[in-house]
Structure formats: C-alpha cells, structure tokens
Amino acid sequence: MVLLSVQDLTIHYKVASGWVRAVENVSIDVDSKETLGLVGESGSGKTTLAYAITQLLPKNAYVKGGKIIYQGKDLLKLSMKDDGTLDIFNEEIRKIRWKDISMIFQAALNAFNPVYKVGDQIIEAIMAHKDIEYEDARKEVERLYEFVGIPKDRIDNYPHEYSGGMKQRAMIAMALALSPRLVLADEPTTALDVITQDRILLEIQNLQKETGISMILITHDVSVVAEVSNKVAVMYAGKIVEKGSTVEVFKHYAHPYTEGLMASFPTIVGEKRRLASIPGSPPDLVNPPKGCRFHPRCPYAKDICMEQEPPLIEISPGHFTACHFARELYGGK
Ligand SMILES: Nc1ncnc2c1ncn2[C@@H]1O[C@H](COP(=O)(O)OP(=O)(O)O)[C@@H](O)[C@H]1O
Ligand SMILES: [Mg+2]
C-alpha cells in the first residue's frame, strides 16, 4: 500500500542571482513498511525534498508544482499559500508532523537545545502531542532510550554531556517518540565515526524490522543504501535520474551517474575503501546545463545529451532511468 506519493514535485529557492532549481519534477512512492534510499552527491536536492515532505522548507523556498500525497491527502493543498511558499505552522500539518511523519535531521548533533536536559526535551515533545502526564511520558522516554541503546540515567544529562553517537541516538528516540508511520532520516550517520556509523545503521535496520515503520533514508553513500533499503532513488542536480528496487538498480544500473556513484563506494562488493569520485562537480542550479544535467561530467556524453533532456523511461519493470543511452548501458551488463 502506498503511504506517501510525491508526484512531479518542483521546488525552487529564490536567491539574489535568480532561482535555484533544487528539486524538479521529482516523483517517488513509499509503501508501508518499506525503506527507500535516496542517494546523490551533496547539492543534489535530497534535503530540500525531505523538508518539502515534512513541510519545513525555509522561507525562500517556493513550490512550483506537484503533489505530496500522504495517506490520500495532498499535504501541499493544506499548507501552500498563493505565492507557493508553505505555511509551516498550519494546524493540520502540525498534527501530521512528528506524529505521522518525523525526521532525523542531518544536523542532529546540534538539534537539541543546550540549556535543557535532553530527556526533558523529548518528554516535552510527547506531552505536546499526547494527553499524558509527566511521569508516563518519562516512562516512554525510558523505553525509547532502552530501544536506541542509551543508558536510562542519561535522561537527565544536558546535550553537551552526550557524545556525538549518543546525541544521534537521542535524535532517533525523538523521531520515534510519537510512533510515526514514516521517518525521514537525512544523512543520519554522516557526522559520526565509522564504528558508530555502523552501529547506528544496524539499529535503524532493526528498528525498521521491529516496528514496521516506513523510512526514507537519505545518504550520499550508496553502500548504506545497499545495506538498508529495498528501493532506491538516485538524485542528481535536482532530478531523479534512476529509481527502482535496490537489487535491480545496483545490478543493472542504466545511468552513468549511478555507475559513477557505485564506483566511488565499492563497499557493495565488500571492501571498505573509497575509490575515485566522479570527476568534476555538480552544476550551479541557478543555471543548470542544457539537455541532460549530467552531460558535462558524463563519460558517454554525445551531442544529443547537450541538447535534449532525457525522459525517465521504464527500462525494466519498476526500474526507471533518464539517459539517452540507457539501453546500451543496461544491455552491456
Ligand atoms: N535556503 C536555501 N536557499 C538557496 N539555495 C538553497 C537553500 N538550501 C539549499 N539550497 C541549494 O539547493 C540545492 C540543493 O540543496 P540540498 O537540498 O541541501 O541538497 P543535498 O541535501 O542533496 O545536499 C543546492 O544547490 C543548495 O545550494
Ligand atoms: Mg542534505
């Protein structure tokens, strides 16, 4: 069953030099109990997409089109103002945010207010949404701490008394506090050391199995997606360039950018070592390249790539890719 369906979503940021075309014509579906991995280099629009779904976009973000349908309701219809900006304080959206859709932020290490005890901040979030006494909310936090692996006596510590890994776990506890149906985890382990990263990822996996929660896991590391998600969407320069089941996309990728990402993270085939990254860097999204946005970096680019934008085609059942030479790349493996 489809829990969340993002359809043809376009989000631009207004800046002094024009419009940053951060998310363009993006469509993704998340079913109940599934994990979608959203991958792409820094600057590809992943966080913008996540903020659109949780309706936490900054003030200079404008929705230029599309729908975000959660359980049959278009969230944008509830929150979008006439000019395309979002009313992030909309009552109905506030009811859905955290309780239905919650988020583990990229900047989790600074997400807690330094002057309040961490446990109290989670207790307060629970009490704000549920009709529940302090003592009962505290018991829930104890249970959540146990679940994410933080000793209970840490509830009364302040953020600065937590290690980075512990803060990240507390953020996960916070995201789970109201038993949401969908959790968006934006680079949940990027700021942590490798050992803590692995542990937290394992916990996220267990959590998904035990609770049956749906997740969108955002990362620039394709090896993480290979471990954790059953579906994957690859983003480049504001667009989805490839999507499908993780097994199919990783085995039979048909987009040169996906190929490049895979070559940068060979952990999929075992070794924990970073290889050469894709040459060049992502484009300026105020003036993205004409045709295929990846063409200036693409080893297979031909004239057509500079002129025409490749459509997203279904190369095999449920596997979509946007490359003029997708069939050659697909067939070559
Ligand atoms: N508030 C903002 N104002 C203007 N541009 C922004 C803002 N936030 C992000 N961007 C730009 O939007 C693009 C996508 O960014 P982002 O969604 O953060 O990508 P990712 O999470 O994949 O790194 C980038 O070019 C980034 O510089
Ligand atoms: Mg980001």
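Quick summary incoming for the structure in this document. (Residues numbered from 1 in each chain as written. Chains lettered and ligands numbered in written order. Predicted model: local features only at pLDDT ≥ 70, side-chain atom pairs only at ≥ 80, totals over all residues. Heavy atoms only, no water.)

## Comments concerning the pairing of strand β3 (residues 35-39)
Here is step 1 of the chain: Taking burial as the measure, the five residues of β3 include five buried ones, the bulk of the element.
Here is step 2 of the chain: The two faces of β3 match: Thr35, Gly37 and Val39 on one face and Leu36 and Leu38 on the other face are all buried.
Here is step 3 of the chain: Note: β3 against strand β8 (residues 214-219), five bridges, orientation parallel. Bridge pairing in β8 links Leu38 to Ile218.
Here is step 4 of the chain: The pairing of β3 with strand β9 (residues 231-236) spans four bridges and is classified as parallel. In the strand pairing of β9, Val39 is matched with Val234. (Buried < 20%, exposed > 50% of the residue type's maximum accessible area, 1.4 Å probe, protein only. Helix = DSSP H or I, 4+ residues; strand = E, 2+ residues; numbered from the N terminus. Pairing = 2+ DSSP bridges.)

## Side note on the packing of aromatic side chains
Each aromatic ring pair is specified by the distance between its two centres and by the angle formed by the two planes.
Here is step 1 of the chain: For the coordinates displayed, the defined rule picks out four aromatic pairs.
Here is step 2 of the chain: Relative to Tyr62, the ring of Trp19 has its centre 5.3 Å away and its plane inclined at 90 degrees; by these criteria the two rings are edge-to-face. One end of the pair, Trp19, is in strand β2 (residues 18-31); the other, Tyr62, is in strand β4 (residues 61-70), with 43 residues separating them in the sequence.
Here is step 3 of the chain: Given the relative accessible area of 14%, Tyr62 is considered buried.
Here is step 4 of the chain: Judged by centre distance (5.2 Å) and plane angle (70 degrees), the rings of Tyr257 and Phe294 are edge-to-face. Of this pair, Tyr257 sits in helix α10 (residues 256-264) while Phe294 sits in the loop between α10 and α11 (303-307), placing them 37 residues apart in sequence. (Phe/Tyr/Trp six-rings, centres within 6.5 Å; stacked < 30°, edge-to-face > 60°.)

## Observations concerning the environment of Gly37
Here is step 1 of the chain: By the secondary structure assignment, Gly37 is in strand β3.
Here is step 2 of the chain: Residues Gly37 and Pro289, 252 residues apart in the sequence, show an inter-C-alpha distance of 26 Å.

## Regarding the pairing of β9
Here is step 1 of the chain: β9 sits mainly inside the fold: five of its six residues count as buried.
Here is step 2 of the chain: Here β9 pairs with strand β10 (residues 239-245) via six bridges, running antiparallel. Looking at β10, one finds that Tyr236 is bridged to Lys239.
Here is step 3 of the chain: The antiparallel hairpin formed by β9 and β10 contains two residues in its connecting segment, where Ala237 sits at a positive phi of about 50 degrees.

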